[in-house]
Amino acid sequence: MIDFKQLFGSRPWIIAGPCSAETQEQTLKTAKELAANGIKVFRAGIWKPRTRPGNFEGVGSEGLDWLRTVKNETGMLVSTEVANVKHVYESLKAGIDIIWIGARTSANPFAMQELADSLKGVDIPVFVKNPVNPDVDLWVGAIERLEDAGIKQLGLIHRGFSSYEKILYRNAPIWQMPIEIKRRRPDLPLICDPSHIAGKREYLLEISQKALDLNVDGLMIESHCDPENAWSDAKQQLTPQALKEMLEQLVVREISPEGISPKLLDELRAKIDVLDDMLIDLLKKRMNISEKIGLYKKENQMAVLQPHRWDTIINKYMMMAGENNLSRELITKIFQAIHQESINIQDKIINPKK
Ligand code: PEP
Ligand code: MN
């Protein structure tokens with residue numbers, strides 16, 4: 001792994017700054033407050049990928065001068081998002097220290113290839129956000145294009161995934177994705193962007209803590225000197241002071257050299273939590289389908305219990321239990337409970353209480 005530690009200092013590495021550079025005053029004021037709180041790497045969007053036209057799309061190249069001023073006046077390293085070849089050339093010309101590629105861009109192999117070609121021979125850190133869709137191969141593929149172009153200082157940013165279903169957060173974290181990318185590419189640093197997962201500042205702490213417990217290397221968090229009046233992503237930004245207070249609340253568990261350390265235990269528990277969340281989600285989906293079957297049975301005058309169907313289910317899972325080294329007793333209990341709940345749900349539909 002490249003020595004990002006030299007850039008960022010100890011874990012967790014923090015990249016902070018506004019969603020967008022709006023004015024020179026706002027950029028510099030935010031940067032100075034962050035620097036005073038010990039932040040070493042500043043972020044600000046100059047070109048903003050907005051889903052629909054008409055929203056603030058960034059100040060463009062003019063903002064690069066403001067970032068240069070931030071660098072000169074605070075000593076922080078500065079970073080911004082690039083989405084096309086022009087952005088790359090202008091950022092490099094302006095002396096931007098770190099660039100990242102956004103979620104809409106990393107989902108597009110043509111765009112990724114063009115960016116990779118334009119970055120040939122460049123030696124600055126490049127972070128790649130996860131694509132908007134949860135496709136780990138697409139994410140790895142984006143990284144491979146940059147590696148093929150000779151980029152050495154590569155990192156990953158987990159920022160969550162678009163979801164059709166209404167969810168609590170703005171973007172679904174799908175924690176198994178950062179776990180899987182870390183398994184596939186343990187050599188690359190991984191940081192979490194809780195801001196774009198959360199969508200609202202109140203969720204930033206819980207998401208950041210979860211990410212740290214999954215052993216991410218750092219956090220990219222949006223911070224603005226006047227969040228309420230931010231021109232983009234107002235609800236998810238924190239003042240530099242609020243960011244400082246949030247960071248102080250995070251528990252960073254250090255790795256001990258051998259055996260099951262408390263750190264490893266927390267990591268394993270965080271993984272279990274992710275799987276348990278998935279179980280709940282799957283059970284909810286299963287019961288919703290069961291309800292639909294109940295309606296069908298009611299309309300077609302069918303009995304709730306169809307014994308041959310139940311026999312098929314239980315036989316199949318008994319066999320799978322054996323193949324997967326799971327105890328038959330456990331699988332029987334689980335499926336009996338699930339089946340019983342389905343029957344109860346369907347019974348309520350077919351025989352509603354008067
Ligand atoms: C951002 O970091 O401001 C941004 C637009 O991120 P994403 O690509 O994750 O939406
Ligand atoms: Mn943003």
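These figures come from a predicted structure and were not determined experimentally.

1. Comments concerning the overall build of the chain
1) Next: Each helix and strand in the chain was counted, giving 14 helices and 8 strands.
2) Next: Taken along the three principal axes of its C-alpha coordinates, the chain extends 75 × 50 × 40 Å.
3) Next: Across the 354 residues of the chain, 47% fall into the buried class.
4) Next: Pairs at least 24 residues apart make up 72% of the contacts formed inside the chain by residues separated by at least 6 positions.
5) Next: When the accessible surface of the chain is split by element, carbon and sulfur atoms take 54% of a total near 18400 Å².
6) Next: Of the side-chain charges in the chain, 47 are positive and 48 negative, and the distance between the mean point of each set is 5 Å.

2. Observations concerning the coordination of the manganese ion (ligand 2)
1) Next: Bound to the manganese ion (ligand 2) on the protein side are Cys19 (SG), His196 (NE2), Glu222 (OE) and Asp233 (OD), at distances that span 2.0 to 2.4 Å.
2) Next: Sequence positions of the donors to the manganese ion (ligand 2) reduce to the motif C-x176-H-x25-E-x10-D. Taken together, the positions of Glu222 in strand E8 (residues 218-222) and Asp233 in the loop between E8 and helix H11 (240-249) put the pair 11 residues apart, joining distant regions of the chain.

3. Topic: the side chain of Glu90
1) Next: Positionally, Glu90 belongs in helix H4 (residues 85-93).
2) Next: Lys86 is the oppositely charged side chain nearest to the buried, salt-bridge-free Glu90, at an N-O distance of 4.0 Å.
3) Next: For Glu90, the contacting residues outside a window of four places in its chain are Trp47, Ser61 and Leu64.

4. Focus on the environment of Ser106
1) Next: Residue placement: Ser106 occurs in helix H5 (residues 103-106).
2) Next: Separated by 23 residues in sequence, Ser106 and Lys129 place their C-alpha atoms 6.7 Å apart.
3) Next: Residues within four places of Ser106 in sequence aside, it is in contact with Ile101, Met112, Val128, Lys129, Asn130, Pro131, Leu138 and Ala142.
4) Next: Separated by 2.8 Å, the side chain of Ser106 and the backbone oxygen of Lys129 make a polar contact.

5. Remarks on helix H10 (residues 204-213)
1) Next: For H10, the tally of buried residues reaches 7 of 10 residues, placing the bulk of the element in the interior.
2) Next: Those residues of H10 that sit buried are Leu204, Ile207, Ser208, Gln209, Ala211, Leu212 and Asp213.
3) Next: Where H10 terminates, the next one or two residues include Asn215, which has phi positive at roughly 70°.

6. Some details on the sheet that holds strand E5 (residues 126-129)
Think of a sheet as strands paired side by side through backbone hydrogen bonds, with each pair either parallel or antiparallel.
1) Next: The parallel closed barrel is built from 8 strands, whose spatial order is E1-E2-E3-E4-E5-E6-E7-E8. Shown here is a sheet whose adjacent strand axes are inclined to one another by a mean of 30°, direction ignored.
2) Next: Where E5 meets strand E6 (residues 154-158), 4 bridges bridge the pair, whose relative direction is parallel. Within E6, the position partnered with Lys129 by the bridge is Ile157.
3) Next: Of the strands in this sheet, strand E2 (41-43) and strand E3 (77-82) are in contact with helix H3 (residues 62-74), which crosses E3 at around 160°.

7. Description of the environment of Glu228
1) Next: Mapped onto the secondary structure, Glu228 falls in the loop between E8 and H11.
2) Next: Overall, the relative accessible area of 59% leaves Glu228 in the exposed class.
3) Next: C-alpha separation for the pair Glu228 and Glu73, spaced 155 residues apart in sequence, amounts to 26 Å.
4) Next: In this structure, Glu228 is in contact with Arg201 and Ala234, ignoring residues within four places of it in sequence.
5) Next: A polar contact of 3.1 Å, which involves the side chain of Glu228, links it to the side chain of Arg201.

What counts and what doesn't
- Residue positions are counted from 1 within each chain, in the order its sequence is given.
- Written order decides the labels, with chains lettered from A and ligands numbered from 1.
- At least 70 in pLDDT is required for a residue's local features to be given in this predicted model, at least 80 for side-chain atom pairs to be given and counted, and no such filter applies to totals for whole chains, interfaces and linings, which use all residues.
- Only hydrogens and water are set aside when side-chain values are computed; all heavy atoms of the structure are taken into account.
- To qualify as a helix, a DSSP run of H or I must reach at least 4 residues; to qualify as a strand, a run of E must reach at least 2; elements of each kind are numbered from the N terminus.
- Residue burial is assigned from relative accessible area. The probe radius is 1.4 Å, only protein chains are included, and a residue is buried under 20% of its type maximum, exposed over 50%, and partly exposed in between.
- Here a residue-residue contact requires only that any non-hydrogen atoms of the pair lie within 4.5 Å.
- Each accessible area is a Shrake-Rupley result for a 1.4 Å probe, and residues are judged covered by the shown protein chains and nothing else.
- We treat Lys and Arg as the positive residues and Asp and Glu as the negative residues; His and chain ends play no part in the count.
- A charge is said to be at NZ when it belongs to Lys, at CZ for Arg, at CG for Asp and at CD for Glu.
- Sites may look incomplete because water is not among the atoms; the donors themselves are N, O and S atoms within 2.8 Å of the metal, or within 3.2 Å for Na, K and Ca.
- Any carboxyl oxygen of Asp or Glu that lies within 4 Å of a side-chain nitrogen of Lys or Arg is treated as forming a salt bridge with it.
- Two N or O atoms count as a polar contact when they lie within 3.5 Å, although within protein this holds only if one can serve as hydrogen donor and the other as acceptor, and sequence-adjacent residues are included solely when both atoms are side-chain atoms.
- For two strands to count as paired, DSSP must find a minimum of two bridges between them.
- Axes, fitted as lines to C-alpha atoms, cover a helix only where it is in contact. Angles between the N-to-C directions of the axes lie from 0 to 180 degrees.

This is a description of form; function is not addressed.
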